[in-house]
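As a plain string of letters, each chain reads:
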Amino acid sequence: MAGVQCCENPPTLSSSSGNGCVQQLGGLQTYVSGSLDSKLGILLVSDIYGYEAPNLRKLADKVAAAGFYVVVPDFLHGDPFVRENAERPLPVWIQSHGTDKGTEEARPVIEALKSQGISAVGAAGLCWGAKVVGELGKSDDLKAIVMAHPSFVTVDDIKEIKVPISILGAEIDNMSPPELLKQFEEVLSTKTEVDSFVKIFPVVSHGWTVRYNNEDEVAVKAAEEAHKDLLEWFTKYVK
């Protein structure tokens, strides 16, 4: 069941945020940043607040600046979670936005990237999006995946992962508490054929990588450390 922490610190959405542009890709409106010339693609899968979150687009731009072609599709179809809407609390909203649907819609996006000349694709998912990239990581379609403060991901999911996986978790997280992340780490340690990295960030809470307060230096520093870890993982396994 989706928890309260999934909803905390909602972003102020902006369709004009970011240095990139929005275009159709794989049948979805998609924020795109970077150059196709890199031949290296990164799929970013949002949390429940969707692809117009400014900090998410800022992360996409940061990854693009490191030499990747980054795509952030609107898997929520213009219907991100609205915390103030009492008629659609998260358990109701999520019924229309299952991660299984997101997974299925991600596959044509990956195919579209490859048809445009992208030779290697990695994916990162945040909260809701972590479950999506976990499902994608059960096949060989991707070179590597990163999960940040995952939601809905189970030990059984981790057992099926086939590609290098980095899991960036929060010390204060009801969706994926440190105890669960340690179980993930134990499972991955037995999968010698799959490279893995699990890190629990102290003090921070669920959602910290993109739902931080720009005025909070400590929060920004923690998010930037997570972004650095994400970039290092993709540089190692996608480049």
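Quick notes on the rules
Residues numbered from 1 in each chain as written. Predicted model: local features only at pLDDT ≥ 70, side-chain atom pairs only at ≥ 80, totals over all residues. Heavy atoms only, no water. UniProt positions renumbered as here; feature names shortened; annotations may be inferred. Helix = DSSP H or I, 4+ residues; strand = E, 2+ residues; numbered from the N terminus. Phe/Tyr/Trp six-rings, centres within 6.5 Å; stacked < 30°, edge-to-face > 60°. Lys NZ or Arg CZ within 6 Å of the ring centre and 35° of its normal. Core = buried A, V, L, I, M, F, W, Y, C linked by side-chain atoms within 4.5 Å. Buried < 20%, exposed > 50% of the residue type's maximum accessible area, 1.4 Å probe, protein only. Contact = heavy atoms within 4.5 Å. Expected span 1.5 Å × (residues − 1). Pairing = 2+ DSSP bridges. Axes fitted to C-alpha atoms, helices over the stretch in contact; angles between N-to-C directions.

- If you look the protein up in an unreviewed UniProt entry, it shows as Dienelactone hydrolase domain-containing protein from Papaver nudicaule.
- Note on the protein: under the UniProt heading Subcellular location (unreviewed entry), the record states "Cytoplasm".

What about the UniProt feature "domain: Dienelactone hydrolase" (unreviewed entry) in the protein?
Move 1: Using the residue numbers shown here, the UniProt feature "domain: Dienelactone hydrolase" (unreviewed entry) corresponds to residues 29–237.
Move 2: A distance of 27 Å separates the end C-alpha atoms of residues 29–237, which is 39% helix and 22% strand.

Quick word on the packing of aromatic side chains
Move 1: Taken as a whole and assessed by the stated rule, the structure comprises five aromatic pairs.
Move 2: Ring geometry for Phe201 and Trp208: centres 4.8 Å apart, planes at 45 degrees, overall tilted.
Move 3: Joined through ring pairs, the aromatic side chains of Tyr49, Phe81 and Trp93 make up one cluster.
Move 4: Across from the ring centre of Tyr51, 5.0 Å away, lies the NZ or CZ of Arg57, which sits over that ring.
Move 5: The positively charged end of Lys239 is found above the aromatic ring belonging to Phe68, 5.2 Å away from the centroid.

Points about the nonpolar core
Move 1: Among the nonpolar cores identified, the biggest contains 48 residues, and Leu43, Ile48, Ile145, Met147, Ile158, Ile165 and Ile167 are the most heavily contacted of them.
Move 2: In this view, Ile145 contacts Ala123, Val133, Gly134, Gly137, Ile161, Val163, Pro164, Ile165, Ser166, Trp233 and Phe234; residues no more than four positions away in its chain are not counted.

Structural notes on helix H3 (residues 99–115)
Move 1: With 17 residues, H3 extends 25 Å from end C-alpha to end C-alpha; this agrees with the ideal 24 Å at 1.5 Å per step.
Move 2: Within H3, burial applies to Thr99, Gly102, Thr103, Glu105, Ala106, Val109, Ile110, Ala112 and Leu113.
Move 3: Tucked into the core, H3 has its buried residues touching strand E1 (21–25), strand E2 (28–33), strand E3 (40–45), strand E4 (69–73), strand E5 (120–126) and helix H4 (128–136).
Move 4: Where H3 terminates, the next one or two residues include Gly117, which has phi positive at roughly 100 degrees.

A word on the sheet that holds E4
To summarise the sheet geometry, strands pair through backbone hydrogen bonds and adopt either a parallel or an antiparallel arrangement.
Move 1: Spatially, E1-E2-E4-E3-E5-E6-E7-E8 is the arrangement adopted by the eight strands of the open sheet, whose pairing is mixed. Across the chains shown, the open sheet's two edge strands, defined by having one partner strand only, are E1 and strand E8 (196–205). Strand-to-strand twist of the sheet, defined as the mean angle between neighbouring strand axes without regard to direction, takes the value 25 degrees.
Move 2: In this sheet, strand E7 (residues 165–172) lies alongside strand E6 (residues 144–148) in parallel orientation, the contact comprising four bridges. The residue of E7 that forms the bridge with Met147 is Ile167.
Move 3: Where helix H1 (residues 54–65) meets the sheet, its contacts fall on E1, E2, E3, E4 and E5, and the angle it forms with E2 comes to roughly 50 degrees.
Move 4: In the packing of H3 onto the sheet, the strands contacted are E1, E2, E3, E4 and E5, and the crossing angle to E4 comes to about 155 degrees.

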